Amino acid sequence: MVYQITVEPGKDSNEPSESLYNATTLLKELAIDQNRSNLMIAHANAQRSLELRKTLECIFANTNIAIQVSTPQRQPAPNTRQLKRKDPKEPSTGLVVSCEGKEKTYAELLMDIKNKLQVAGALDKVNSVRKTKAGDLVLSLKEGEMEVKSIITEEIERTNARIVDHRRTILHVKQLDAITTAEELQERLRAETGNEDVTVRSMRPAYGETQSATVEANEATAKHLCKIGRLKVGMVYCFVSRRLDVRRCHRCWSYGHIASNCRGEDRRNKCYNCGHEGHIANACKNPAYCPLCKEDHRAGTGVCRPFGKALRQARNAQP
Ligand SMILES: [Zn+2]
Ligand SMILES: [Zn+2]
Ligand SMILES: [Zn+2]
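Residues numbered from 1 in each chain as written. Chains lettered and ligands numbered in written order. Predicted model: local features only at pLDDT ≥ 70, side-chain atom pairs only at ≥ 80, totals over all residues.

Novice: Would you mind showing me how to read the environment of Ala134 here?
Specialist: Of note, Ala134 is situated in the loop between strand E4 (126-131) and strand E5 (137-141). Taking the C-alpha atoms as reference points, Ala134 and Ser98, separated by 36 residues in sequence, lie 9.5 Å from one another. (Helix = DSSP H or I, 4+ residues; strand = E, 2+ residues; numbered from the N terminus.)

Okay, structure coming up:
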């Protein structure tokens, strides 16, 4: 399988790239989900090859995945700044409401929505309201997108509402039976949420002949599924939860913040195995040493106490 990932550079060449961190984290997820023992990475930008190697070491530290990076000799100067931009007319999140035939003015539609939400006691869910260039109404909501959408579409005649949400959330579905396929699960999730924007990214065997799945959805749909928590798929009930997101700084290697907010020591040029400079962990002959704990283990492995603490915090912070 081949994936192509475009990475946005950091603000200047000495800045760690947040986008590289996110892309590498995604790559790790995919590799773990697919039970990979090795990965081949072809890197187009020779100038940032050290940054890539360092980031890979940091992210893949607690896995057994062997990584091979190949960088071309001459740089083809890819235009990394040429990124796909979102249509400015399209809101990034919110409930877009329009009425068929446009027989209502914007103000009339807004009045209708306000009345119906007030009757339903859902007025406090609204954060803000605005009008798009196309004349549609965008409601930005704190929560309850599904609920508000159904109030609007059911109560106001000839009105359409659709949830727009470009925020991506990763969910884990556990305790699926051994025979459910990714297609069946996806169909079930889409039927449950009434939303096409739910994708099963991978399935893997789990404890006791069950399966676990990784699912990507927009934040509103993810929230809805987590609220249900338990979902009948085929013969069995399975459990939906958010992926624990342990954010790790690839500049100082500690947890709880990201590199762009880092005030810790810059360890980007250090070896991930022993904490010394001048070589990478793959080539390291020294015994493992963790500069975070000042103990004899590799930074970021399971025995590392800051890692355990960050994991507990992530678990407690789950919405
Ligand atoms: Zn840091
Ligand atoms: Zn070393
Ligand atoms: Zn440690």
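Novice: Sorry, what's going on with the packing of helix H3 (residues 106-119) against helix H4 (residues 145-155) here?
Specialist: Each pair of packed helices can be described by the angle between their axes along with the distance between the axes. The N-to-C vectors of H3 and H4 enclose an angle of 115°; their axes lie 10 Å apart at closest approach. Note on packing geometry: the crossing formed by H3 with H4 is right-handed. Contact residues: Ile113, Lys116 and Leu117 in H3; Val148, Ile151, Ile152 and Glu155 in H4. Of the residues belonging to the contact of H3 with H4, the class tally is 5 nonpolar, no polar and 2 charged. (Axes fitted to C-alpha atoms, helices over the stretch in contact; angles between N-to-C directions. Left-handed = near helix turned anticlockwise from the far one by under 90°. Contact = placed C-beta atoms within 7 Å. Nonpolar A, V, L, I, M, F, W, Y, C, P; charged D, E, K, R; others polar.)

Novice: It is not clear to me how unusual backbone geometry should be interpreted in this structure. Could you clarify?
Specialist: For residues other than glycine, phi is negative in most cases, and the peptide bonds are mostly trans. Residues other than glycine seldom take positive phi values, yet Arg158 does so here, at roughly 50°. Of note, the phi angle at Gln175 is positive, near 70°, even though the residue is not glycine. Secondary-structure assignment places Gln175 in strand E7 (residues 168-176). Overall, Gln175 belongs to the partly exposed group, with 16 C-beta atoms counted inside 10 Å. (Buried ≥ 20, exposed ≤ 12 C-beta atoms within 10 Å, placed from the backbone.)

Novice: What's the story with the UniProt feature "domain: CCHC-type" (unreviewed entry) in the protein chain in this structure? I'm lost.
Specialist: UniProt records the feature "domain: CCHC-type" (unreviewed entry) at residues 270-286, using the numbering of this structure. With 0% helix and 0% strand, the stretch residues 270-286 has end C-alpha atoms that lie 13 Å from each other. (UniProt positions renumbered as here; feature names shortened; annotations may be inferred.)

Novice: Quick question: what am I supposed to make of the environment of Ser254 here?
Specialist: In this structure, Ser254 sits in the loop between strand E11 (236-242) and helix H7 (305-316). With 11 residues separating them in the primary sequence, Ser254 and Glu265 have C-alpha atoms 9.7 Å apart. Those residues within four positions of Ser254 in sequence are excluded, and the remaining contacts are Cys249, Gly264, Leu292 and Pro306.

Novice: How do you make sense of the sheet that holds strand E9 (residues 210-218) when you look at a structure like this?
Specialist: Backbone-to-backbone hydrogen bonds pair the strands of a sheet. The strands run either parallel or antiparallel. Pairing is antiparallel in the open sheet, where 5 strands are placed in the order E8-E9-E7-E11-E10. Unpaired on one side and paired on the other, strand E8 (198-206) and strand E10 (230-233) mark the two borders of the sheet. Taking the axes of each pair of neighbouring strands and ignoring which way they run, one obtains an average angle of 30° across the sheet. Examined bridge by bridge, E8 and E9 share 8 bridges and lie antiparallel to one another. Residue pairing in the sheet places Pro205 in a bridge with Gln211 of E9. Against the sheet, helix H6 (residues 219-228) contacts E7, E8, E9, E10 and E11, and its axis sits at roughly 140° relative to E9. (Pairing = 2+ DSSP bridges.)

Novice: Would you explain H6 in this entry?
Specialist: Along H6, the residues that are buried comprise Ala220, Thr221, Ala222, His224 and Leu225. Taken from the residues just after H6, Gly229 is the one with a positive phi, measuring 75°.

Novice: I tried to follow the sheet that holds strand E6 (residues 159-165) on my own but got confused; where do I start?
Specialist: Strand order in the open sheet formed by 4 strands is E4-E5-E3-E6, and the pairing between neighbours is antiparallel. Among the strands making up the open sheet, the edge pair consists of E4 and E6. Averaged over all neighbouring strand pairs, the angle between strand axes comes to 25°, with direction disregarded. The sheet contacts of H4 involve strand E3 (93-99), E5 and E6, and relative to E6 the element is tilted by about 165°.

Novice: When you look at the pairing of E7 in this model, what are you seeing that I'm missing?
Specialist: One face of the sheet, then the other: side chains in a regular strand alternate in exactly this way. Here E7 pairs with E9 via 7 bridges, running antiparallel. Bridge pairing in E9 places Leu176 opposite Gln211. Bridging between E7 and E11 involves 4 bridges; their strand directions are antiparallel. Across the sheet, residue Lys174 finds its bridge partner in E11, namely Phe239.

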